Amino acid sequence: LLVALPGRGLVVSELSRDTIVELFELRFVLETEAARLVAVRRDPEIFAALRDGFATASGLLERDDDRSDYYELVGRLDAAMDAALQSRFLLAAIRQLRPHLVRARRLAHDNRERLLAAAGEHLTIVEAIVDGDARLAADATAVHLKKSLKNILDSVDITTVDSSTAPMSTPHDS
């Protein structure tokens, strides 16, 4: 995601449709597995508090013009998942990917309807983690990532990924 330009050194490259799709292919593999592991290794009390936050996230989005409270809640979820993961190499790979995903998400702006849907998706993920349901946590994460990718691609007026060529599927999809 860096490009060497003569006389300028390394510069951040443009995010193409293909790059965004490739980032999400990797994100899909990493984060669905992370969700599965977190559901097994978690402290249920930490995730129960997050569940309560996501259950009222629509109110946060209504009251919070800059969305900072909502994004802080999402940040707390990321931090709790990072702490519960207990897999330093998987965590390092996820952390290496995050700055690039921030660039991709910025392209989608703050679509209020998508944020409300994402809050519901996060709630489903957190509920599965609280319940210790590894399969549901991974599947709910997969749904969230597919919808996030579609939103980003739609938001930048790029043709969405054709489901026949997108590797963003699970063995349970049919």
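Keep in mind that this is a model prediction, so the values were computed, not measured. Position labels on residues start from 1 in each chain and follow its written sequence. Since the coordinates come from a predicted model, pLDDT governs what is reported: local features require at least 70, and pairs of side-chain atoms require 80 or more to be given and counted, while whole-chain, interface and lining totals use all residues. Processing note: side-chain calculations cover all non-hydrogen atoms of the structure and skip hydrogens and water entirely.

Trainee: Describe in detail the packing of aromatic side chains, supporting the description with residues and values.
Mentor: Only the six-membered ring of Trp is used, alongside the rings of Phe and Tyr, when aromatic pairs are assigned; centres must lie within 6.5 Å, and planes under 30 degrees apart are stacked while those over 60 apart are edge-to-face, with the rest tilted. As enumerated under the stated definition, the model contains two aromatic pairs in all. Pairing Phe54 with Tyr70 gives two aromatic rings, centres 6.5 Å apart and planes at 85 degrees, and the pair type is edge-to-face. Here Tyr70 lies in helix α4 (residues 68-85) and Phe54 lies in helix α2 (residues 44-55), a separation of 16 residues in the sequence. Buried means the residue's accessible area, taken with a 1.4 Å probe over protein chains only, is under 20% of the maximum for its type, while exposed means over 50%, and partly exposed covers the values in between. On the accessibility criterion, Tyr70 (1% relative accessible area) is buried. Here a set of aromatic residues connected by ring pairs shows up, and it is made of Phe54, Tyr70 and Tyr71. Runs of E in the DSSP output that reach at least two residues are strands. Runs of H or I that reach at least four are helices, and both are numbered from the N terminus.

Trainee: If you had to explain the packing of α2 against helix α6 (residues 112-131) to someone new, which residues and values would you point to?
Mentor: Contact geometry for α2 and α6: axes closest at 9 Å, N-to-C directions at 155 degrees. Considering their axes alone, α2 and α6 lie roughly antiparallel with respect to each other. With respect to the hand of their crossing, α2 and α6 are arranged in left-handed fashion. The residues of α6 that touch α2, namely those facing Pro44, Phe47, Ala48, Leu50, Arg51, Phe54 and Ala55, are Ala119, His122, Leu123, Val126, Glu127, Ile129 and Val130. Helix axes use the C-alpha atoms of the stretch in contact, all axes being lines fitted to C-alpha atoms, and the angles between their N-to-C directions lie in the range 0 to 180 degrees. Should an angle fall under 35 degrees it is called roughly parallel, over 145 degrees roughly antiparallel, and 65 to 115 degrees roughly perpendicular, with every other angle called oblique. In a left-handed crossing the near helix is turned counterclockwise from the far helix by less than a right angle, and in a right-handed crossing that turn is clockwise. Note on contacts: a residue pair qualifies if any of its non-hydrogen atoms lie within 4.5 Å across the two residues.

Trainee: Hey, could you go over the packing of α4 against α6 for me, with residue numbers and the actual values?
Mentor: In a pair of packed helices, the angle between the axes and the distance between the axes together describe the arrangement. One can describe the packing of α4 onto α6 by two numbers: an axis separation of 12 Å at closest approach and a directional angle of 30 degrees. Classed by the angle they form, the pair α4 and α6 counts as roughly parallel. When the axes of α4 and α6 are compared, the crossing they make is left-handed. Residue-level contacts link Tyr70, Tyr71, Val74, Leu77 and Met81 of α4 to Leu115, Ala118, Ala119, His122, Val126 and Ile129 of α6. In the scheme used here, Gly and all other residues not listed as nonpolar or charged are polar, with Ala, Val, Leu, Ile, Met, Phe, Trp, Tyr, Cys and Pro taken as nonpolar and Asp, Glu, Lys and Arg as charged. Broken down by class, the residue content of the contact of α4 with α6 amounts to 10 nonpolar, one polar and no charged.

Trainee: Which residues make up the layout of surface pockets, and what are the values?
Mentor: Method remark: on a 1 Å grid restricted to protein atoms, a set of points is classed as a cavity if a 1.4 Å probe fits but cannot get out and as a pocket if it is open with protein on both sides within 12 Å along at least five of seven lines; lining residues have an atom within 4 Å of a point. Grid points are joined across faces, edges and corners, and a volume is the space filled by probe spheres set on the points. Roughly 870 Å³ of volume is contained in the largest pocket. Broken down by secondary-structure element, the contributors of at least two residues to the lining of the largest pocket are α1 (17-41), α4, α5 (88-107), α6 and α7 (134-155). A total of nine residues in the lining of the largest pocket trace back to one element, the largest contributor, which is α4. Here the residues of the lining of the largest pocket sort into 17 nonpolar, eight polar and nine charged.

Trainee: Give me the nonpolar core: which residues, what numbers.
Mentor: Counting residues in each nonpolar core, the largest one holds 47 residues, and the members touching the most others are Ile20, Phe47, Phe54, Tyr70, Leu85 and Ile129. Mapped by element, the contributors of at least two residues to this core are α1, α2, α3 (57-63), α4, α5, α6 and α7. At 10 residues, α1 tops the list of elements feeding residues into this core. Each nonpolar core is a collection of buried residues, namely Ala, Val, Leu, Ile, Met, Phe, Trp, Tyr and Cys, held together in the definition by side-chain atoms within 4.5 Å.

Trainee: Requested: an account of the pattern of salt bridges, with residues and values cited.
Mentor: Put simply, a salt bridge is a Lys or Arg side-chain nitrogen that is within 4 Å of an Asp or Glu carboxyl oxygen. If you walk through the whole model with that rule in mind, you get 11 salt bridges. A salt bridge links Asp82 to Arg95; its shortest N-O distance comes to 3.6 Å. Taken together, the residues Asp82 in helix α4 and Arg95 in helix α5 connect sequence positions 13 residues apart. The class of Asp82 is buried, set by a relative accessible area of 12%. A network of salt bridges, in which partner residues are shared, links Asp82, Arg95 and Arg98.

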